[in-house]
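# A look at the structure
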Amino acid sequence: MTSSSLPSPDFFQLESQLLRIEDECLDKAPIPDIMKQFFILLVECEKKGTFSRNEELDDILSKNVKYLLLSFYISKCLQLLKSDGIKQRHQHLDKAKHHVDVFLSRCSDYRLITNEQQKLIDQDAASVDPSTSRTQRIQSERTKLELKKKIQYLKFKKEKISATVESDELDELEREIYLEKVRMAVVECILGKRIMEQELQLLKFAAMREESGEPALKPEPPKPLKVTKLTKDHNGQIHAENIKAPTASMLSYREQVKKDVFKPRSNGPTMSLEEYAQHEMQDAQERSERERACRQKEKEEHELIEQEDEDAWERKRKKDAAWDDWKDANPKGQGNMRK
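By convention here, each chain's residues receive numbers from 1 onward along its written sequence. Side-chain atom pairs in this predicted model are given and counted only at pLDDT of 80 or more, local residue features only at pLDDT of at least 70, and totals for whole chains, interfaces and linings cover all residues. Only hydrogens and water are set aside when side-chain values are computed; all heavy atoms of the structure are taken into account.

### What about the overall build of the protein chain?
A count of helices and strands for the protein chain gives 10 helices and two strands. Each helix and strand of the protein chain, ordered N terminal to C terminal, gives the series α-α-α-α-α-α-α-β-β-α-α-α. Residue burial is assigned from relative accessible area. The probe radius is 1.4 Å, only protein chains are included, and a residue is buried under 20% of its type maximum, exposed over 50%, and partly exposed in between. When each of the 339 residues of the protein chain is scored for burial, the buried share is 26%. In the protein chain, 69% of the contacts between residues at least 6 apart in sequence involve partners at least 24 apart. The Shrake-Rupley method, run with a 1.4 Å probe sphere, supplies the accessible areas, and residue values consider only the shown protein chains as cover. Element-wise, carbon and sulfur atoms account for 52% of the exposed surface of the protein chain, whose accessible area totals about 25,900 Å². A run of H or I in DSSP becomes a helix once it reaches four residues, and a run of E becomes a strand once it reaches two; helices and strands are each numbered from the N terminus. Should any heavy atoms of two residues lie within 4.5 Å, those residues are counted as being in contact.

### Notes on the nonpolar core
Membership of the largest hydrophobic core comes to 53 residues, with the highest contact counts inside it found for Phe38 and Phe103. Among the secondary structure elements, those contributing two or more residues to this core are α1 (11–24), α2 (31–48), α3 (70–80), α4 (86–109), α6 (130–161) and α7 (167–211). Apart from residues lying up to four places away in sequence, Phe38 is in contact with Phe11, Leu14, Glu15, Leu18, Leu70, Tyr73, Ile74 and Cys77. To define a nonpolar core, start from buried Ala, Val, Leu, Ile, Met, Phe, Trp, Tyr and Cys residues and group those joined through side-chain atoms within 4.5 Å.

### Looking at the packing of α3 against α7
With axes taken as lines fitted to C-alpha atoms, and helix axes fitted only over the stretch in contact, angles between N-to-C directions fall between 0 and 180 degrees. It is the contact of α3 with α7, at a shortest axis distance of 12 Å, that shows an interaxial angle of 40°. Every pair of crossing elements has a handedness; the one defined by α3 and α7 is left-handed. Contacts between α3 and α7 involve Phe72, Lys76 and Gln79 from the former and Ala185, Glu188, Cys189 and Met196 from the latter. When the residues that make up the contact of α3 with α7 are grouped by side-chain class, the tally is four nonpolar, one polar and two charged. Each crossing is labelled by how the near helix is turned from the far one, with a counterclockwise turn of less than a right angle marking it left-handed and a clockwise turn marking it right-handed. All residues other than Ala, Val, Leu, Ile, Met, Phe, Trp, Tyr, Cys, Pro, Asp, Glu, Lys and Arg, Gly among them, are scored as polar; the first ten of these are nonpolar and the last four charged.

### Some thoughts on the state of the cysteines
Working definition: a disulfide is two cysteine sulfur atoms within 2.5 Å of each other. Counting across every chain of the model gives zero disulfides. Here Cys189 is not cross-linked by a disulfide; its sulfur's nearest cysteine counterpart is in Cys107, at 7.8 Å. For Cys189, a relative accessible area of 3% gives the class buried.

### Description of the packing of aromatic side chains
In this analysis, rings of Phe, Tyr and Trp, with Trp reduced to its six-membered ring, are considered paired at centre separations within 6.5 Å, and the interplanar angle assigns stacked below 30 degrees, edge-to-face beyond 60, and tilted for intermediate values. Applying the stated criterion across every chain yields a total of 11 aromatic pairs. Ring centres of Phe11 and Tyr73 lie 6.4 Å apart, and the angle between their planes is 45°; on these two criteria the pair is classed as tilted. Here Phe11, found in helix α1, pairs with Tyr73, found in helix α3; they are 62 residues apart in sequence, far enough to count as distant. Each member of the pair Phe11 and Tyr73 is classed as buried. Members of the aromatic cluster, joined through ring pairs, are Phe11, Phe12, Phe38, Tyr67, Phe72, Tyr73, Phe103 and Tyr178.

### Side note on the confidence of the model for the protein chain
pLDDT gives the predictor's per-residue confidence on a scale running from 0 to 100. Summary statistics for the protein chain give a mean pLDDT of 81 and a share of 80% for residues scoring 70 or more. Throughout residues 1–7 the model reports pLDDT below 50, and contacts reaching past four residues in sequence, or to other chains, amount to 23 contacts.

### Overview of the packing of helix α5 (residues 115–122) against α7
Relative orientation of the contacting elements α5 and α7 amounts to 15°, with a least axis distance of 10 Å. Relative to α7, the element α5 is oriented roughly parallel. In the crossing of α5 with α7, the sense of the turn from one axis to the other is left-handed. Residues Gln117, Leu120 and Ile121 of α5 pack against Val186, Val187, Ile190 and Arg194 of α7. The residue inventory of the contact of α5 with α7, partitioned by class, reads five nonpolar, one polar and one charged. Roughly parallel means an angle under 35 degrees; roughly antiparallel, over 145; roughly perpendicular, 65 to 115; everything else is oblique.

### Details of α2
Count 3.6 residues to each turn of an α-helix, and residues three or four apart come out pointing the same way. An expected span of 1.5 Å times one less than the residue number is assigned to each helix. In this model, α2 (18 residues) spans 26 Å end to end at C-alpha, consistent with the 26 Å of a helix rising 1.5 Å per residue. Every buried residue of α2 is listed here: Ile31, Ile34, Met35, Phe38, Leu41, Leu42 and Cys45. Taken end-on, α2 shows its buried residues confined to a sector of 120°, consistent with a single buried face. Exposed and facing more than 90 degrees away from the buried side of α2 are Lys36 and Lys47. Among the structural elements, α1, α3 and α4 are those in contact with the buried residues of α2. Taken from the helix axis, the directions to the C-beta atoms give the arc we talk about.

### Quick look at the side chain of Ser71
With respect to the helices and strands, Ser71 occurs in helix α3. Assessed through its relative accessible area of 5%, Ser71 is described here as buried.

### Things to note about the side chain of Ser133
Mapped onto the elements of the fold, Ser133 is located in helix α6. Polar contacts, as counted here, are pairs of nitrogen or oxygen atoms within 3.5 Å of one another; within protein the pair requires one atom able to donate a hydrogen and one able to accept it, and residues that are adjacent in sequence qualify only if both atoms are side-chain atoms. A polar atom in the side chain of Ser133 sits 3.0 Å from the side chain of Arg137.

### Here's the deal with the environment of Leu112
Relative to the helices and strands, Leu112 is located in the loop between α4 and α5. Take Leu112: its relative accessible area is 7%, and that puts it in the buried class. Through-space distance from the C-alpha of Leu112 to that of Arg183 is 6.7 Å; in sequence the pair is 71 residues apart. Each residue touching Leu112, except ones within four places of it in the same chain, is listed here: Leu57, Leu68, Cys107, Gln117, Leu179, Val182 and Arg183.

Encoded structure:
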């Protein structure tokens, strides 16, 4: 192993281009050139002895950890390559599977594969029942989602502290990011390898039929549905009658009627529980303010009596009298138009 990191100014750009083509289903024309550049980097790694079975994961320089993904990315490129016919597709997949095996073997050397994952790798695909396979796929997607969240968090942390910390700390964060990417690639390869093996078997079978001159297998068109209605007359004899099979529109109407069985017939609530609670709180506050105003009014009246201020008491009396006169002239409910 060399003590200096490998010069690879194009690695991040190549990685970004490949993942973007795969995620966004873009034009695959650049794939051959991307794969060629990855091969150049892989050859450089082999020449300079970047990885060795005699070293531990901690012995790899932080700037070289990302090169663990080279075989994985080359496998992705081979799977995305455009194939002219069954034989070429078989060749591409066979090479892709080889690079997956190389990637998993190297990860195993550096103890980046758990015991449970190793059992899945060694498991025979033919012996896995559909239910177990489905459970494994679900667990795989959950693990990948967790690793993606962790990678996003580490990237965010790196961007946040990039202007305030030393380069050694940033290199350590970069190391953690790519180690998590390697672990996520391992999860993807375990089930991806099984899918490639199944496709290789199908391609092999299709190639044999093609060489023997047998026509390609095509699915038979569905036969029209026949429906017979049985009726019994008053004499007890049974009669058979061919009737029109239910169409898609009839079936969809039937399903809609089933869905509407438990649909509420009355209108739903006009407000949510949260809105109702806010309304009640507002009413309570208004009542509290009115009670506080009444208590303040009574207090002022008592103060006026105690001070024996005749002028103030007279003004208060006239004000109350005017208010009573106004209420007599404007009885309650006079403005309501509805009777």
